[in-house]
Amino acid sequence: EERLTPEQEQARMKRESMFVINQRCAEHFRKNLLNPDNKTAAEYVKGRWGLEYAEEMSIGFALDKWDDLLAFARSSGLSIDLMKEMGLLKEGEKGNTYDGYRNRVVIPIRDRFRRVIGFTARDMSGDKTAAKYLNSAENDIYHKRESIFGIDTAIRQGTKENKFYLVEGGPDVMQLQRIRVHNTVAPLGGDWTKEQFEQLKKYATKLCFLPDADPPKEGETLGAGVKNVMRNGMLAMKCGLSVSVKELPPGEACSKNDPDSYCTDKPKFDALQEEDFILWYARYIFQDIKTTDDTSEAMNAICNMVVMVKDEVKESMYL
């Protein structure tokens, strides 16, 4: 075995302590949710994801108090300093310590070994100025660029099918995994990264994106969900992955639609047509051509993608 330097050993012990803290806090939040006093949060979780899935995920609840987690940490002998570093506790301007999550449904974020590396927490106050979802602070075991929500559940099915389904956020993952599309994953806010794609590539060579059906902003022809997939799909191809798209229909009166609300059961998900990424991309960019320059730009974009295809038969089919 490799011998660790004293600094490396100290860093390893710090990481281990962080994993223990997250696990203990997850258990505390879960206990809160099961307390009859927190019926509103429990009813929300039950209605949204069902009791069975909530138990599988260990979904919990942070009380609407300033010191619930702080009191638990002190009574359990957990490191207050480490919990501040992880964002579980905060420090006020006057040096006072208080809970980082308050009145929120708390969902654990796990790594591929099923260790809790952080939390994403949904606001229950209804305050429009509060962030709807609040994720853990960057720390030694949680890095947004590398962490993938749902990876712990998705690996087995993703390897079996040689494919992952990619959605925009945690709630989409939870809904699809709840209806047994287990190989669904999402980034934790923002775009997908090269580091995340390289992780997925260890288990599967195919990715299928499910973009949100967003109505385009005034003066634009493409919605945010489509533009996100165009950008992320291109990066996935550069990473050597085979990419496809399952597009959702728009909501009523061309309103927003997402996998969380649309995919109410597995047959509805299965009925969504899957389209090759390059052909899907071409369909969108060619619909907006007005000049020869536009045509040239579109052709160059498509050719740059076809060049990334290593299969000669597929390449000739694209051409």
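Structure shown above.
Presented here is a report on the structure given in the accompanying data block.

**Some thoughts on the packing of aromatic side chains**
For the coordinates displayed, the defined rule picks out ten aromatic pairs. Their ring planes at 90 degrees and their centres at 5.6 Å tell us that F29 and F119 sit as a pair that is edge-to-face. One end of the pair, F29, is in helix 1 (residues 6–34); the other, F119, is in strand 5 (residues 116–123), with 90 residues separating them in the sequence. Taken together, the ring pairs connect F277, W280, Y281 and Y284 into an aromatic cluster.

**Looking at the side chain of R30**
Locating R30 in the fold gives a position in helix 1. One buried charge, R30, has no salt-bridge partner; the nearest side chain with opposite charge is E55, at 4.8 Å. Ignoring any residue separated from it by four or fewer positions in sequence, one finds R30 in contact with A54, E55, S58, I59 and G60.

**Points about the state of the cysteines**
The tally for this structure, following the rule as stated, stands at zero disulfides. With no disulfide of its own, C263 lies 11 Å from the sulfur of C208, the closest cysteine sulfur. The class for C263 is buried, based on a relative accessible area of 0%.

**Brief notes about the nonpolar core**
General note: in soluble globular proteins, nonpolar side chains tend to be found buried as a group. Within the largest apolar cluster, 56 residues are counted, with the highest numbers of intra-cluster contacts made by I59, M83, L88, F119 and L210. Per element, the largest residue contribution to this core is seven residues, and it comes from helix 1. Dropping the residues within four chain positions of it, I59 is found in contact with R30, L33, V45, W49, A54, V105, V106, I107, P108 and M174. I151, A154, A204 and M237 belong to the second largest nonpolar core, which has 40 residues in total.

**Here we look at the sheet that holds strand 4 (residues 104–110)**
Read from one edge to the other, the open sheet built from four strands follows the order 1-4-5-6, with strand pairing classed as antiparallel. Edge positions in the open sheet fall to strand 1 (60–62) and strand 6 (133–135), since each of these has one partner strand only. Averaged over all pairs of adjacent strands, the angle between their axes in this sheet comes to 35 degrees, without regard to strand direction. Sheet analysis places strand 1 next to strand 4, joined by three bridges and oriented antiparallel. Among the inter-strand pairings, F61 is bridged to a residue of strand 4, identified as V105.

**So, helix 6 (residues 151–161)**
The complete set of buried residues in helix 6 reads I151, D152, A154, I155 and G158. Angular distribution of buried residues about the axis of helix 6 spans 140 degrees; they occupy a single face of the element. Residues R156 and K160 are exposed on helix 6 and point more than 90 degrees away from its buried face. Downstream of helix 6 by a residue or two, N162 has a phi angle that is positive, lying close to 55 degrees.

Reading the values: the criteria
Residues numbered from 1 in each chain as written. Predicted model: local features only at pLDDT ≥ 70, side-chain atom pairs only at ≥ 80, totals over all residues. Heavy atoms only, no water. Phe/Tyr/Trp six-rings, centres within 6.5 Å; stacked < 30°, edge-to-face > 60°. Helix = DSSP H or I, 4+ residues; strand = E, 2+ residues; numbered from the N terminus. Buried < 20%, exposed > 50% of the residue type's maximum accessible area, 1.4 Å probe, protein only. Lys, Arg positive; Asp, Glu negative; His and termini not counted. Salt bridge = Lys/Arg side-chain N within 4 Å of Asp/Glu carboxyl O. Contact = heavy atoms within 4.5 Å. Disulfide = S-S within 2.5 Å. Core = buried A, V, L, I, M, F, W, Y, C linked by side-chain atoms within 4.5 Å. Pairing = 2+ DSSP bridges. Axes fitted to C-alpha atoms, helices over the stretch in contact; angles between N-to-C directions. Arc of directions from axis to C-beta.

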